[in-house]
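So the chains spell out like this:
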Amino acid sequence: MDNDASHTASHKDTPDPQHAEITRLGSLTLIVAVAYAVTGYIGFALAIPPGNVSILWLPSGIAMAAVLIRGYQAIPGILLGAVVINIQSFYNGSLDSLPFMTILAILMISIGNALPPLIGRYLLRRFGNILNPFDSGQSILQSSLIFAAACTVSASIGALSLSLAGLVDGSPYKLLGTWWLGDFIGALSFTPLLLSVVRQSRFVALSLLAVAIVSFGGTYAISNHVRNQAIEAWENQASREA
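Residues numbered from 1 in each chain as written. Predicted model: local features only at pLDDT ≥ 70, side-chain atom pairs only at ≥ 80, totals over all residues. Heavy atoms only, no water.

Some points on the pattern of salt bridges
A side chain with one charge can pair with a side chain of the opposite charge if their charged atoms come near. A full pass over the atoms with the stated rule returns one salt bridge. A salt bridge links Glu 21 to Arg 24; the nearest nitrogen and oxygen atoms lie 2.6 Å apart. Of the two residues, Glu 21 and Arg 24 both sit in helix α2 (residues 17-45), three residues apart, roughly one turn of that helix. Take Arg 24: its relative accessible area is 30%, and that puts it in the partly exposed class. (Salt bridge = Lys/Arg side-chain N within 4 Å of Asp/Glu carboxyl O. Helix = DSSP H or I, 4+ residues; strand = E, 2+ residues; numbered from the N terminus. Buried < 20%, exposed > 50% of the residue type's maximum accessible area, 1.4 Å probe, protein only.)

And the structure:
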């Protein structure tokens, strides 16, 4: 009887592997989504009106590093973060007021945001050095070319989606160039930083993250001031031309 009771108690104390896996994936999704959305908010502070395309899109580095580190399991977090930040960029007081084409554009842009890390991971595995993509001059060159090619996909989908939704005036080609540059710079600057943080000791990793937070916080404060001045100048010009 005692043996049966102890066996039952030990069985209850054994963690459920399926539950543990679901918890781990949920935590990963939440962490990636929050990181993507927060850096995306900073990125939109660097966008010059009247568009909402940033010249430095840090979430592309978050997404690329997350997929290189955790594989395809990071994709749900990227999609969730992309949807949240894109809704925030078009939100004007009520979700019901978002036109269908705008909602469709948000979904297409979010899917486009998730494609470059998948393409980058595949190309690095096929042609580059997926384990150490920045450990030598040759690896850096290969990774840069792969990131440039991968970011072309998200920029093309994003610019085309905004154009079809009627959210930009004129040709989408100029928008595509700015979009691609923002994605590429974000991936090339932030991905190696995150990969380095993951491979360091806890103290070094926290120190690097603290420096990054302070740096990007200062960048956000300065860029937000510049952006507000640009908005004011643009509105003044629009009122004079009206």
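And the narrative resumes.
A word on empty space enclosed by the protein
Over the atoms a probe the size of a water molecule is rolled, and this reveals where empty space is left. In this structure the tally under the stated criterion is two cavities of 30 Å³ or more. Computed from the structure, the second largest cavity encloses a volume of approximately 70 Å³. Tyr 36, Trp 57, Ser 60, Met 64, Asn 113, Pro 116, Pro 117, Cys 151, Ser 154, Asp 183 and Ala 187 together form the lining of the second largest cavity. Elements that contribute at least two residues to the lining of the second largest cavity include exactly α3 (59-70), α5 (100-127), α6 (137-164) and α7 (173-199). Counting residues per element, the lining of the second largest cavity draws most heavily on α5, at three residues. For the lining of the second largest cavity, the residue count by class is seven nonpolar, three polar and one charged. (1 Å grid on protein atoms, 1.4 Å probe; cavity = no way out; pocket = protein on both sides within 12 Å on 5 of 7 lines; lining within 4 Å. Points joined across faces, edges and corners; volume = space filled by probe spheres on them. Nonpolar A, V, L, I, M, F, W, Y, C, P; charged D, E, K, R; others polar.)

Focus: a nonpolar patch on the surface
A cluster of nonpolar side chains, Leu 79, Phe 100, Met 101, Leu 104, Met 108, Ile 111, Leu 160 and Leu 164, forms an exposed patch at the surface whose accessible area comes to about 750 Å². Only α5 and α6 provide two or more residues apiece to the nonpolar patch. Considering every element that reaches the nonpolar patch, the biggest residue donor is α5, with five residues. Inspection of the secondary structure assignment puts Leu 79 in helix α4 (residues 75-90). In this structure Leu 79 comes out as partly exposed when scored by relative accessible area, which is 30%. (Patch = residues over 30% accessible without salt bridge, like charges linked within 9 Å, V, L, I, M, F, W, Y side chains within 5 Å. Areas by Shrake-Rupley, 256 points an atom, 1.4 Å probe, with all protein chains shown as cover.)

Some words on the side chain of Thr 39
Looking at where Thr 39 falls in the secondary structure, it is placed in helix α2. By relative accessible area, Thr 39 is classed as buried at 10%. Among the polar contacts made by the side chain of Thr 39, one reaches the main-chain carbonyl oxygen of Ala 35 at a distance of 2.7 Å. Beyond its immediate chain neighbours, meaning those up to four positions away, Thr 39 contacts Leu 58, Pro 59 and Ile 62. (Polar contact = N/O pair within 3.5 Å; in protein donor to acceptor, adjacent residues only side chain to side chain. Contact = heavy atoms within 4.5 Å.)

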